[in-house]
Amino acid sequence: MQDQLLLTAIRYALRECTSVTVEYALRLGLPVVVCLLTAPLRNIRKVLFTNLTVGLVAEPSKDDDVAPPYHSVWEVWRALRESVPLSSLLWRGMGIEVLDRYVGLATGLALPPVLRSLQEYSSLAGLPPLGISLLSSALFCVTSVLVHAPHFVLTHRLALLSRKTEGGDDVGWRYASTTSCVKDILHREGVSGFFRGAWVAVGCQFVGTLPIIV
């Protein structure tokens, strides 16, 4: 949704401008501006939600009977404020966010011609309109999810906090940097780790398009 809004904003701005320099500046600079404006609130929401819902699952304990690390959003927020600098919370993973915006823009610009070609070829092959719509929707869902899956996995892994150890060490980020997160995923899970849950997302997104198609 954010990528579609960003594409719409860029297209509207390009229609209004007459300078080639301004046109290229809008194409290259607007995704960064959007990230700077929206990333801080998204980061706070993501860190609170991720640690409240999956913190225990992501870091299981050896004990059989383990209480969840956080019982409320306020506990997560208190742990953050006690151990994590505010600037680190607001701007964590900014490089991944900016890269994902450009990837989303490129996909949004490249995919429509591919879908039109697919529809024309399918029509010539004799597929019914419903079959063409389903095929186009499936291609769109698979492409959009797989393109954004690494971003989704990395940003949620980066949002995870470490748990206090028995020695009483302070809570901090599970991963010190994006690089350490990428290395850990590659070492433990391989390339497929960047696409965990992607097919579930594809299925949910495809099912969501069915009412529109049918």
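Residues numbered from 1 in each chain as written. Predicted model: local features only at pLDDT ≥ 70, side-chain atom pairs only at ≥ 80, totals over all residues. Heavy atoms only, no water.

Stated precisely, the cut-off is as follows: UniProt positions are given in the numbering used here, feature names are shortened, and annotations may be inferred rather than shown by experiment.
You'll find the protein entered in an unreviewed UniProt entry as Mitochondrial carrier protein, putative, with Angomonas deanei given as the organism. As recorded by UniProt, the Subcellular location (unreviewed entry) comment attached to the protein reads in full: "Membrane".

1. Overview of a nonpolar patch on the surface
Selection rule: Residues enter a patch when their relative accessible area is above 30% and they make no salt bridge; the linking distance is 9 Å between like charges and 5 Å between nonpolar side chains (Val, Leu, Ile, Met, Phe, Trp, Tyr). A 1.4 Å probe and the Shrake-Rupley method give the accessible areas. Residues count as covered only by the protein chains that appear here. Between Lys or Arg on one side and Asp or Glu on the other, a salt bridge is scored when a side-chain nitrogen of the former is within 4 Å of a carboxyl oxygen of the latter. Runs of E in the DSSP output that reach at least two residues are strands. Runs of H or I that reach at least four are helices, and both are numbered from the N terminus.
Together, Leu186, Val191 and Phe195 make up a nonpolar patch on the protein surface, roughly 250 Å² of accessible area in all. Within the element layout of this structure, Leu186 appears in helix H7 (residues 178-189).

2. So, the packing of helix H5 (residues 94-124) against helix H6 (residues 129-158)
Going by this rule: Lines fitted to C-alpha atoms define the axes here, with helix axes fitted over just the stretch in contact, and angles between the N-to-C directions of these axes take values from 0 to 180 degrees. Under this scheme an angle from 65 to 115 degrees is roughly perpendicular, one under 35 degrees roughly parallel, and one over 145 degrees roughly antiparallel; angles in between are oblique. What makes a crossing left-handed is the near helix being turned counterclockwise from the far one by less than a right angle; a clockwise turn instead makes it right-handed. When residue character is reported, Ala, Val, Leu, Ile, Met, Phe, Trp, Tyr, Cys and Pro are called nonpolar, Asp, Glu, Lys and Arg charged, and the others, Gly included, polar.
At a minimum axis separation of 9 Å, H5 and H6 run at an interaxial angle of 165°. Relative to H6, the element H5 lies roughly antiparallel. In the packing of H5 onto H6, the handedness of the crossing is right-handed. Taken together, the residues of the contact of H5 with H6 break down into 13 nonpolar, 10 polar and two charged.

3. Here we look at the pattern of salt bridges
What counts, and what does not: Exposure classes here rest on a 1.4 Å probe applied to the protein chains alone. A residue is buried below 20% of its type maximum, exposed above 50%, and partly exposed in between.
Counting across every chain of the model gives six salt bridges. Note that Glu97 and Lys46 form a salt bridge whose closest N and O atoms lie 3.5 Å from each other. Residue Glu97 is located in helix H5, and its partner Lys46 is located in helix H2 (residues 20-58); the two are separated by 51 residues in the primary sequence. Note on accessibility: Glu97 and Lys46 belong to one class, buried. For Arg188, the salt bridge is made with Asp184, and the minimal N-O distance between the two is 2.7 Å. Pair noted here: Arg188 and Asp184 are both in helix H7, with a separation of four residues, about one helical turn. Under the relative-accessibility criterion, Arg188 is labelled exposed at 63%. Linked by salt bridges that have partners in common, Arg42, Lys46 and Glu97 make up one network.

4. Side note on the side chain of Arg157
Our working rule: Polar contacts here mean pairs of N or O atoms no more than 3.5 Å apart (in protein, one a potential hydrogen donor and the other a potential acceptor; neighbouring residues in sequence count only if both atoms are side-chain atoms). Should any heavy atoms of two residues lie within 4.5 Å, those residues are counted as being in contact.
With respect to the helices, strands and loops of the structure, Arg157 is situated in helix H6. A relative accessible area of 17% places Arg157 in the buried class. Of the polar contacts made by the side chain of Arg157, one reaches the side chain of Glu189; its length is 3.0 Å. Beyond its immediate stretch of four places on either side in the chain, Arg157 contacts Tyr175, Cys181, Ile185, Glu189 and Arg196.

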